[in-house]
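Coordinates in review
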Amino acid sequence: MAITVLFEDNHVLAVVKPPGILSQEDDTGDADMLTLLKQDLKERHNKPGNVFLGLVHRLDRMVGGVMVFAKTSKAASRLSESVRSRHFGKTYVCVVQGVPSKPHARLTHYIRKDNKQNQVTVFNKPTNDAKEAILDYEVAAVSGRYSLIAVKLHTGRPHQIRAQMAHIGCPLIGDLKYGAKPTAGMSDIALWSTSVSAPHPVTKEWISFRSIPSGSDVWTWWSAEQLEAASKMLSDA
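All of the points below concern the structure found in this document. Computed from a predicted model, the values in this text were never measured in an experiment.

**Structural notes on the environment of Lys38**
Structurally, Lys38 is set in helix α1 (residues 33–44). Take Lys38: its relative accessible area is 32%, and that puts it in the partly exposed class. A C-alpha to C-alpha distance of 24 Å links Lys38 and Ser214, two positions 176 residues apart in sequence. Discounting residues that sit within four places of it in the chain, Lys38 has contacts with Val51 and Leu53.

**Details of the layout of surface pockets**
Any empty space left between atoms is shown by rolling a water-sized probe over those atoms. By volume, the largest pocket is sized at about 1,400 Å³. Taken together, 46 residues form the lining of the largest pocket, with Asp60, Gly156, Arg157, Pro158 and His159 sitting closest to its centre. Of all the secondary-structure elements, those providing two or more residues to the lining of the largest pocket are α2 (73–84), β5 (89–97), β6 (104–114), β9 (146–153) and α3 (160–167). Here the lining of the largest pocket is built from residues that sort into 15 nonpolar, 13 polar and 18 charged.

**Re the packing of aromatic side chains**
Scanning all chains against the criterion turns up 2 aromatic pairs. Ring centres of Tyr146 and Trp221 lie 5.0 Å apart, and the angle between their planes is 50°; this geometry places the pair in the tilted category. In this pair, Tyr146 is assigned in strand β9 and Trp221 in the loop between β11 (206–210) and α4 (224–232), connecting sequence segments 75 residues apart.

**Quick notes on the state of the cysteines**
Scanning the entire structure with this criterion turns up 0 disulfides. The closest cysteine sulfur to the non-disulfide-bonded Cys94 is located on Cys170, 9.1 Å from its own sulfur. Look at Cys170 and you get buried, because its relative accessible area is 2%.

**Observations regarding the pattern of salt bridges**
One pass over the full model with this rule turns up 10 salt bridges. Between Arg44 and Glu8 there is a salt bridge, with its nearest N and O atoms 2.9 Å apart. Residue Arg44 is found in helix α1, and its partner Glu8 is found in strand β1 (residues 5–8); the two are separated by 36 residues along the sequence. Residue classification places Glu8 among the partly exposed positions, given a relative accessible area of 24%. Across the salt bridge formed by Asp40 and Arg44, the nearest N and O atoms sit 2.7 Å from each other. Of this pair, Asp40 and Arg44 both sit in helix α1, 4 residues apart, which is roughly one turn of the helix. Judged by its relative accessible area of 26%, Asp40 falls in the partly exposed class. Linked through salt bridges whose partners overlap, the residues forming this network are Glu8, Asp40, Arg44 and Lys71.

**Notes on unusual backbone geometry**
In the Ramachandran plot, Lys204 falls in the positive-phi region, its phi being about 70° despite a non-glycine side chain. Its place among the elements puts Lys204 in the loop between β10 (191–199) and β11. The exposure class of Lys204 is exposed, given its relative accessible area of 52%. Phi at Leu234 is positive, roughly 65°, even though this residue is not glycine.

**Let's talk about the nonpolar core**
Ranked by size, the top nonpolar core spans 30 residues in total, and within it Phe69 and Ile161 carry the most contacts. Listing elements by their share of this core, those giving two or more residues are β2 (12–17), α1, β4 (64–70), β5, β6, β8 (131–143), β9 and α3. Here the element with the most residues in this core is α1; it accounts for 4 residues. If we ignore the near neighbours within four places in the chain, the residues touching Ile161 are Tyr92, Leu135, Val151, Leu153, Leu172 and Leu191. Ranked by size, the runner-up nonpolar core spans 15 residues in total, among them Tyr146, Val218, Trp222 and Ala230.

**Considering α1**
An ideal rise of 1.5 Å per residue puts 16 Å on 12 residues; α1 measures up with 16 Å between its terminal C-alpha atoms. Among all positions of α1, only Met33, Leu34, Leu37 and Leu41 are buried. Down the axis of α1, the buried side of the element spans an arc of 90°, and every buried residue falls inside it. Residues of α1 that are buried make contact with β1, β2, β3 (54–55) and β4. At the N-terminal boundary of α1, the capping side chain belongs to Asp32, with an oxygen 3.2 Å from the backbone nitrogen of Leu34. Asn46 lies just past α1 and shows a positive phi near 50°.

What counts and what doesn't
Residues numbered from 1 in each chain as written. Predicted model: local features only at pLDDT ≥ 70, side-chain atom pairs only at ≥ 80, totals over all residues. Heavy atoms only, no water. Helix = DSSP H or I, 4+ residues; strand = E, 2+ residues; numbered from the N terminus. Buried < 20%, exposed > 50% of the residue type's maximum accessible area, 1.4 Å probe, protein only. Contact = heavy atoms within 4.5 Å. 1 Å grid on protein atoms, 1.4 Å probe; cavity = no way out; pocket = protein on both sides within 12 Å on 5 of 7 lines; lining within 4 Å. Points joined across faces, edges and corners; volume = space filled by probe spheres on them. Nonpolar A, V, L, I, M, F, W, Y, C, P; charged D, E, K, R; others polar. Phe/Tyr/Trp six-rings, centres within 6.5 Å; stacked < 30°, edge-to-face > 60°. Disulfide = S-S within 2.5 Å. Salt bridge = Lys/Arg side-chain N within 4 Å of Asp/Glu carboxyl O. Core = buried A, V, L, I, M, F, W, Y, C linked by side-chain atoms within 4.5 Å. Expected span 1.5 Å × (residues − 1). Arc of directions from axis to C-beta. Polar contact = N/O pair within 3.5 Å; in protein donor to acceptor, adjacent residues only side chain to side chain.

Next comes the structure, spelled out in structure tokens:
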């Protein structure tokens with residue numbers, strides 16, 4: 001499987017994850033980014049033995065877009081610390097059913113995950129075992145009953161964008177788990193990681209990587225100019 005490489009040096013690897021691929025191996029045995037990229041690095045660089053590659057953040061299986069990996073244990077530790085300290089910018093675009101009541105807003109909720117069901121519940125107030133979830137969104141374009149939305153995450157909770165947008169009455173297209181109505185021909189969720197930004201783990205310079213949504217038919221509902229504009233909204237790039 002061909003995976004687009006956005007950037008690579010001795011410490012960092014940034015790629016475009018195709019929708020439908022796991023971020024890391026699970027008990028299904030299906031293809032995952034970590035395994036595929038390790039094999040690719042081994043072959044491209046003719047490396048003997050095992051190849052180190054650290055998973056810094058994850059994307060849901062049905063979500064595509066920018067992912068950043070660490071090529072050394074030191075880079076993995078420093079990038080993971082950037083994630084924990086919220087010096088790791090992540091922006092997305094999504095297509096939702098409906099139009100949010102406000103053109104832009106910050107959403108603060110509390111999310112509790114049911115691991116058995118692999119689903120989260122959203123609360124408006126602090127609740128036992130629920131973690132704070134914060135995101136900013138901005139409406140980039142509206143077409144009939146659908147909206148193209150730019151999102152900036154401030155926390156990285158499971159299914160956060162999917163659950164919070166559904167909670168305000170705008171589920172992502174294709175996201176049947178969180179209340180979206182079935183859309184003909186839609187097998188993925190209309191969510192794309194458009195940019196990841198962070199301090200380089202060695203040089204400390206701010207690095208940013210971007211990707212425009214592609215693949216699913218839902219992205220063809222919008223012009224290239226609209227997708228480009230949406231991908232730059234709220235971005236640290």
